[in-house]
Amino acid sequence: MEIPPEDPVTTCLSPSVYDMICKLGFEVREDRDIDSIVTENGQVCWKTITDCAIDTDSAQGLDFQGSVRLLGPVCEAVHVHLSSLTKGQFEVLYAPWLQWTGSPELFPEILDALESPQSPAVSLSLMKLTACLERALGDVFLLVGKECPFLLRDLLASAELAGVFGRSVMSVLTVFVGSPCGLNLRNVLWHGFASPREVPPKYCSMMVLLTAGLGQLLEAYLQRTARTVARRPLLTLTDSEDLAVFPDVTHEVLSVLEGVMGKSAFVLRIMLPYWEAALIKFKSHRFADCAMLLLTQLETGLRNVFATVNKCPRRLLTAESTALYTTFDEILAKHLNDGEINQLPPFLGEPAMEFLWDFLNHQEGPRVRDRLSHGEVNLPAFPKGITGQLLAFSLVLLLRFADEELASVFKETAAIRSLIGLAEGYSARFHPIALTKKQVLSCEESVRLWPLLPLPEEAVCEAARLEGNHETNACESLMTKITRGLCHYIPENPCVPGGLDSLPIERWPRLLPGLCSTRVPTLFCPRAVLEVLSVLRNISRCCARVSLQVAAALELRRRQWEERTLRSRQRRNFLRMMSSIKLLAPVLSLILLLITLELVNIHAVRGKSAQGYQQYLKFLKAVLQYTENLAACTSQERNRWGEAAELTRTALLKICTFTEKKQMLLHLARRAE
């Protein structure tokens, strides 16, 4: 299925939303005296503004249409006023009242943007201002409230902010950014509905003045109450190995993107200025600005594809206040709001969907759109790498929706072919399945380093005399039995030429990298899969904790032994520990192998009966309980190494009994083949 190459879209705003933003505020032709809105020394006259936020005749809430009509001339007067100021004059009048936002450097940039009203600069300024304002209002909320609302509309409706600024002031803000019934500037821009020409600059000017006015009201409140606003620290995102999917963006890649964005059906023509501005921002090292513009336009383009493949063209437009907006949440979901299957995921393919979920949705991923739009991110320090990843992914998408002949010309470039190959081979990195695999490999590496830790020769000899007790021998016998039962369910591994039957226990960890490279579907996992995954991940966490504790304890006791500062009881405990870790190392390796085998077969859990599922979950929780107890025993506070061996034998018996019943997921998956 293709998007029609001739793009007929002239607006993404529904008729009523278009009227609200582009027409209502221009209906009243009245020159408002700026002196009635702001004094000569920059004090905002709030009564003039709040009188424009009127209630409906039935007094059941704000009359949004009437309020926008009345506010239109006020916004126009404010826009003319701010446009007439030099930066120096603006600094004197308003800079002190903008410090409360934590981003005073943003406002001179907005003044520059107001000089180019038809460019995307006004839209970008409003996006940054609404995000910054939301964060600052959240800090003020926490002066009197405990848990800050996640959504701006809930924040503006809160009694806490009404107590600081006044309910009438909050009503004005609600008209501008707090309700889908009003101008709703924040959502319309952050979700990519408004084209550059549909954003009246006077609303941006008004938001600047309102922000300064809020600063004045806050100052008065703080003086009255002798309180201080504590700013929550901004998050500094960093480039990490997990985020490095594509290589650094080169001039060649930028040149191809520049050439294709005006010819790809993915880009709506009315939105092309945003794409052009994004490239300019990247080249000028304004990486946060570039990312903001790209994210809104990825949402716009994907919404267009979503509306096409699901045959619901009206979903391309902003919804009315009573209907559902089509945002990333709906675009990337499994089902439509009517319960039908969303056709976008199969159309885009798993790799593209997993990339989008990784960067936008997964709780432990960067969640760049959420964090930028809610004002949580340190913008000047926004990493080039994340923006580069979004640019490269965007280029691959744009080529996919370009004319075949044009796309084939660009694909002749080795760098572009490489990007497409990387995109097509992408697998999730921030889904809990991927994070569990990563944790397993990290823990295995940590356990593998235990024998390499330097130990006193005298202590090694004494510890050797403690080995070979009944508990240890029983555990080794059980491990051998369990591993022999597992070997038939492990894929052949070229690293093990002699076959798995003859592989010693201590060399089983070498199978983990191959198993962890197995692709496991991560999209739309059902509840049972997520529940099992949560337990498996907690088991791997406990194993990692045990490994780190053992390594730290060995290092500490080794140093104390050599310095001869250990008391006799501590010496005996150290010797027991050295003896115990020869058992614990293979046990941890076995558990890591077991949970990895279950992880790569995790979707087989859907084949279990309700009773079988509960029994399986009970078994996994018993293994988790063992690893939690083991973590407690091996902690520096307890050092109960003898108890660790007893716990291990009990746990191995349970594992052996359950695996013999062939009720593990690896058994189910084999039977289903």
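Quick caveat: nothing in here was measured; it's all calculated off a predicted structure. All residue numbers here refer to positions counted from 1 along the written sequence of the relevant chain. Local features in this predicted model are restricted to residues whose pLDDT is 70 or higher, and side-chain atom pairs enter the listing and the counts only when it is 80 or higher, whereas totals over whole chains, interfaces and linings include all residues. Excluding hydrogens and water, the side-chain figures rest on all heavy atoms present in the structure.

Here the focus is helix α4 (residues 87–98). Working definition: helices are DSSP H or I runs of at least four residues, strands are E runs of at least two. Numbering for both runs from the N terminus. Multiplying one less than the number of residues by 1.5 Å gives the expected span of a helix. For α4, spanning 12 residues, the distance from its first C-alpha to its last is only 14 Å, which falls clearly below the expected 16 Å at 1.5 Å a residue. Those residues of α4 that are buried lie in contact with α3 (64–84), α5 (106–114) and α11 (201–225). Throughout, a contact is declared for two residues whenever any of their heavy atoms are within 4.5 Å.

Turning our eyes to something else, we now look at the pattern of salt bridges. Pairs may arise between side chains of opposite charge once their charged atoms sit close together. The working definition used for a salt bridge is a side-chain nitrogen of Lys or Arg within 4 Å of a carboxyl oxygen of Asp or Glu. Taken as a whole, this structure holds 25 salt bridges when the rule is applied. Its salt-bridge partner being R286, residue E109 comes within 3.0 Å of it at the nearest N-O pair. Of this pair, E109 sits in helix α5 while R286 sits in the loop between α13 (272–283) and α14 (287–309), and the two are 177 residues apart along the sequence. With relative accessibility at 30%, the residue E109 sits in the partly exposed group. For every residue, the accessible area (1.4 Å probe, protein chains only) is compared with the maximum for its type, and the residue is labelled buried under 20%, exposed over 50%, or partly exposed between those bounds.

Looking now at the state of the cysteines. Two cysteine sulfur atoms make up a disulfide if the distance between them is within 2.5 Å. Applying the stated criterion across every chain, the model contains zero disulfides. A disulfide-free cysteine, C148 has its sulfur positioned 14 Å from the sulfur of C132, the nearest such atom. Its relative accessible area of 22% is what places C148 among the partly exposed residues. The closest cysteine sulfur to the non-disulfide-bonded C487 is located on C656, 14 Å from its own sulfur. The exposure class of C487 is buried, given its relative accessible area of 6%.

With that out of the way, let us pick up the packing of α14 against helix α19 (residues 384–400). Lines fitted to C-alpha atoms define the axes here, with helix axes fitted over just the stretch in contact, and angles between the N-to-C directions of these axes take values from 0 to 180 degrees. Relative to each other, α14 and α19 sit at 30°, their axes nearing to 9 Å. In this view, α14 runs roughly parallel relative to α19, as classed from their interaxial angle. Both α14 and α19 take part in a crossing whose hand is left-handed. In this structure, α14 uses F287, C290, A291, L294, L295, L298 and L302 to contact α19, whose residues at the interface are K384, T387, L390, L391, S394 and L397. Three classes are used, and their members are as follows: Ala, Val, Leu, Ile, Met, Phe, Trp, Tyr, Cys and Pro are nonpolar, Asp, Glu, Lys and Arg are charged, and the others, Gly among them, are polar. Among the residues making up the contact of α14 with α19, the classes are represented as 10 nonpolar, two polar and one charged. Any angle that is under 35 degrees is reported as roughly parallel, and any over 145 degrees as roughly antiparallel; angles of 65 to 115 degrees are reported as roughly perpendicular and all others as oblique. Note on convention: near helix rotated counterclockwise from far helix by under a right angle means a left-handed crossing. Clockwise means right-handed.

Below, the discussion takes up the packing of aromatic side chains. Centres within 6.5 Å are what make two rings of Phe, Tyr or Trp a pair, Trp counting through its six-membered ring; a difference in plane orientation under 30 degrees is then read as stacked, over 60 as edge-to-face, and the rest as tilted. This model, assessed by the stated rule, comprises 13 aromatic pairs. Seen in terms of ring centroids, F246 and F355 are 6.1 Å apart; in terms of plane orientation they differ by 50°. Their pairing is tilted. One end of the pair, F246, is in the loop between α11 and α12 (251–260); the other, F355, is in helix α17 (residues 350–360), and 109 residues separate them in sequence. The exposure classification of F246 matches that of F355, with both residues buried. On the numbers, 4.4 Å between centres and 20° between planes, the contact of F355 with F359 is stacked. Separated by four residues within a single helix, F355 and F359 lie in helix α17, roughly one turn from each other. According to the relative accessible area criterion, F359 is buried, its value standing at 1%.

A cavity here means a set of points on a 1 Å grid, drawn over the protein atoms and nothing else, where a 1.4 Å probe fits but cannot get out; a pocket is an open set with protein on both sides within 12 Å along at least five of seven lines, and a residue lines either one if it has an atom within 4 Å of a point. Grid points are joined across faces, edges and corners, and a volume is the space filled by probe spheres set on the points. Scanning the entire structure with this criterion turns up four cavities of 30 Å³ or more. In this model, the largest cavity occupies a volume close to 40 Å³. M127, V188, L189, G192, A194, Y274, L293, T296 and Q297 together form the lining of the largest cavity. Elements represented by at least two residues in the lining of the largest cavity include exactly α10 (185–190) and α14. Among the elements that line the lining of the largest cavity, the one with the most residues is α14, at three residues. Across the lining of the largest cavity, the residue classes tally to six nonpolar, three polar and no charged.

Just distances and angles here, no functional claims.
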